[in-house]
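For reference, the chains in residue letters:
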Amino acid sequence: MSVYLHDIPLSQAQERLRQALQEADLWRVLGVEEIPLDENALGRVTAEPIWAEVSSPHYHASAMDGFAVKAGDTNGAQPSSPIQLSVVSNRSSISNLQSPISQYVDTGDPLPGWANAVIPIENVESLDEHGEITSAIRSPASIRIRASVTPWSHVRPLGEDIVATQLVLPTGHVLRPADLGAIAASGHQTIKVARKPKVAILPTGTELVPIGSKLKAGDILEYNSLVIASQIKQMGGEPTRYPITKDDFDLICGRVQEAAQTHDLVLLNAGSSAGAEDFSSRVVEKLGTLLVHGVAVRPGHPVILGMINCQSKIENRKSDNLIPDTSHLTPIIGVPGYPVSAALTIDIFVEPLLAKWLGRRPLELPTEEATLTRKLVSPAGDDDFVRVAVGRVGDKLLAAPLSRGAGVITSLVQADGLALIPSGTQGMEAGEKVQVRLYRNKSEIEKTIFCIGSHDLTLDLIAQFLAEHDRRLASANVGSQGGLVALRRGEAHIAGSHLLDTQTGEYNISYIRQYMPNIPVKVVALVGRDQGLIVRKGNPKGIKSLGDLAGTGQGRGVQFVNRQRGAGTRVLLDYHLNLMTISPDSIAGYYQEEYTHLGVAAAVASERADCGLGVAAAAQALDLDFIPLFQERYDLVIPKLFADDDLLAPLFDLLADSRFQEAVSRLKGYDVSVMGNSILED
């Protein structure tokens, strides 16, 4: 039996919701309100066309500081044959003056009725009553000009910007700063805009605790409502965050009924899958109509769509006096509890709905074609939304998939875009083209340094310092060998690597020759660092060396967590296990893999493992103990093509920056004395 009422395609789910809203007369602008024309109107959506009530300017205005003239009086003026014009004040009577005249005007002054041009002040010679040049440039007796002007030169004629009765802005326009100025210039003091949809956000779950709570095992910080409310506000809605409701069917029903009375949309967060305490679908069925339970998208599979029956509404939806509100229904969306699923559900279902209610176009992210850096496996029946880091390496725009866990909120923070693997596709190979909806603008993408390779905590510090120099560091942790392969394929600017050659004791060089033949490179030392065993505080298992990991003697009962294949740390471990004639199969957890040093530390801190091999700084970060075993060098490998590029210049400057070196040295187990040393340059 399916755990979902129906697992339907995304397009069908969206259409089912749209039809229900149409039947309830809710597929429209919800209402109109008149607001003052001030900075608070920014971002609102026009509910009707805005027509100009006055012209702008509403008179012929001088566009320069200078002298108003009749253009015909300047005819014949040349450098060798200047013309002299008398200057009159704006209060002077000119009816009896026969000679050509001029009048001083400032920028924006009305043009005298007899004038049709302005000569900029820098193009005249000011003369006193004796015909001598004077410094009284604003009030001379006359002026001398050495070039003629055409009619309406340096004049803003009436209506140059706006003509009374013309269309200033259409209906459904999202107001920008300049728009507010245009509305004011056209004679308006108020503006009619679409009413902001009111959206209730109801977090549910006995395990949830508010932000700022002291956490104990089993507690989950409730921050989904914060993220969702921010999305709603950015989309033009008016969010209300309700307190956490525990997993009690009647309590949730009461809270939903209350919210539905006073809001246009209810978002019920968590409780949308098929677990024993997932009440959302039952709540919707009791209070109204369940339209959809389960949509073929990932992440966000267990979405619920429905309509709640309401007896009345406090909000008067007849305020626009145009469309009578006969509906007593409020739409409800059951939003999955995982953060990434929740955020994408809002983008997929709520954004188009709010766009309709506000009368604007749905938001559309710019789309670019990019090349995937690694293979993706995708469920054939689902639309799969994949978060990616995006960067331009050479002439290729690349998309590096990030962690795909629905609970990994940081993948949204790190994401530069979203790639869609459409249903019917079981995945894509590395090197294939994919359409990416960009979260960042092209300028940011062009200033991104793409780093693929081994993980090190100093990369986060590099990212922070580079941000001060108008650069971004986008990194993907695939291990040292994976980084060298990425460089060979032209998929990264730099790679972090610490691969030990067991024959020579040297780091990286033999592997570079193996994986990057005939590619000139520059290798720069970043840090020396301690590698060792990360263990829980107090080292309860009494672990002292790698020998304690084997399944006999002291190692009996020790659960290990390893780094992934191709990681330099994994190579280092295997080298020493071989020297000690310890079989990997004798180590419990040897095949349990993490992709970062912090991932290893987190596994130990959560008691999923007793120990793992990693750097001292990772143990320090999570307040764990550390048993130092080895020292190694961590290098940056850079193809010469990119090493000489301006994009990477701030990176090399950073390696010589004393502030950066000091920040790295504060991390436990790091040696910065080697930083910036040239190891190899072809």
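Residues numbered from 1 in each chain as written. Predicted model: local features only at pLDDT ≥ 70, side-chain atom pairs only at ≥ 80, totals over all residues. Heavy atoms only, no water.

### So, the confidence of the model for the protein chain
Here the protein chain shows a mean pLDDT of 89. Residues at 70 or above account for 92%. Segment residues 313-327 is flagged for pLDDT under 50; beyond a separation of four residues in sequence, or across chains, it makes 29 contacts in the model. (pLDDT = per-residue confidence, 0-100. Contact = heavy atoms within 4.5 Å.)

### So, the environment of Pro-9
Along the chain, Pro-9 turns up in the segment before α1 (10-23). Along the primary structure Pro-9 and Thr-581 are separated by 572 residues, whereas in three dimensions their C-alpha atoms are 54 Å apart. If near-sequence neighbours (up to four positions away) are discounted, Pro-9 is found in contact with Val-295 and Ala-296. (Helix = DSSP H or I, 4+ residues; strand = E, 2+ residues; numbered from the N terminus.)

### A look at the packing of aromatic side chains
Aromatic ring pairs are defined here through the distance separating the ring centres and the angle between the ring planes. Per the counting criterion, the structure on display carries four aromatic pairs. Seen from their ring centres, Phe-249 and Phe-279 are 6.2 Å apart, and the 65° between their planes marks the pair as edge-to-face. Separated by 30 residues along the polypeptide, Phe-249 in helix α4 (residues 249-262) and Phe-279 in the loop between β17 (265-269) and α5 (280-287) bring together distant segments of the chain. Across the pair, exposure class does not vary: Phe-249 and Phe-279 are buried alike. Where Tyr-590 meets Tyr-591, the ring centres are 4.9 Å apart and the plane angle is 80°; that geometry is what we call edge-to-face. Tyr-591 gets classed as exposed once you look at its relative accessible area, which sits at 55%. Of note, Arg-282 hangs over the ring of Phe-249, and the distance from its end group to the ring centre comes to 4.5 Å. (Phe/Tyr/Trp six-rings, centres within 6.5 Å; stacked < 30°, edge-to-face > 60°. Buried < 20%, exposed > 50% of the residue type's maximum accessible area, 1.4 Å probe, protein only. Lys NZ or Arg CZ within 6 Å of the ring centre and 35° of its normal.)

### Regarding the pairing of strand β18 (residues 288-293)
Counting buried residues along β18, five of its six residues qualify, which places the element largely inside the surrounding structure. As defined by bridge partners, β18 adjoins strand β20 (residues 304-309) across five bridges and the pair is classed as antiparallel. Counted as the bridge partner of Val-292 is Leu-305 from β20. (Pairing = 2+ DSSP bridges.)

### Concerning the sheet that holds strand β8 (residues 124-127)
Taken in spatial order, the six strands line up as β7-β4-β6-β5-β9-β8 in an open sheet, and their pairing is mixed. Taken across any chain shown, the strands that pair with only one partner, and hence form the sheet edges, are β7 (117-120) and β8. Sheet twist, expressed as the mean angle between neighbouring strand axes with direction ignored, is 35°. Here four bridges tie β8 to strand β9 (residues 142-145), and the two strands are oriented antiparallel to one another. Bridge pairing links Leu-127 to Ser-142 in β9. (Axes fitted to C-alpha atoms, helices over the stretch in contact; angles between N-to-C directions.)

### Remarks on the sheet that holds strand β16 (residues 238-241)
Adjacent strands of a sheet form backbone hydrogen bonds with each other and so pair up, either parallel or antiparallel. Ordered by their spatial adjacency, six strands build an open sheet running β16-β13-β17-β21-β20-β18, and the pairing between neighbours is mixed. Each edge of the open sheet is held by one strand with a lone partner, namely β16 and β18. Along the sheet, successive strands turn relative to each other by an average axial angle of 20°, direction set aside. Where strand β13 (residues 198-203) lies against β16, four bridges are found, and the strand directions are parallel. Looking across to β16, one finds that Val-199 is bridged to Pro-239. Contacting β13, β16, β17 and β21 (329-335), helix α3 (residues 224-235) crosses the sheet at an angle of about 165° to β16.

### Examining the environment of Val-524
Relative to the helices and strands, Val-524 is located in strand β32 (residues 521-535). With a relative accessible area of 4%, Val-524 lands in the buried category. As a C-alpha pair, Val-524 and Ala-136 span 388 residues in sequence and 67 Å in three-dimensional space. With residues up to four places along the chain from it excluded, the contact list for Val-524 reads Asp-635, Leu-636, Phe-652, Leu-655, Gly-676, Asn-677 and Ile-679.

### Points about the packing of helix α9 (residues 458-467) against helix α17 (residues 658-665)
Two numbers describe how α9 lies on α17: the axes approach to 10 Å, and their chain directions differ by 150°. Looking at the two axes, α9 sits roughly antiparallel to α17. Crossing of α9 against α17: the hand is right-handed. Contacts between α9 and α17 involve Thr-458, Leu-461, Ile-462 and Phe-465 from the former and Arg-659, Phe-660, Ala-663 and Val-664 from the latter. Tallied by class, the residues present in the contact of α9 with α17 amount to six nonpolar, one polar and one charged. (Parallel < 35°, antiparallel > 145°, perpendicular 65-115°, else oblique. Left-handed = near helix turned anticlockwise from the far one by under 90°. Nonpolar A, V, L, I, M, F, W, Y, C, P; charged D, E, K, R; others polar.)

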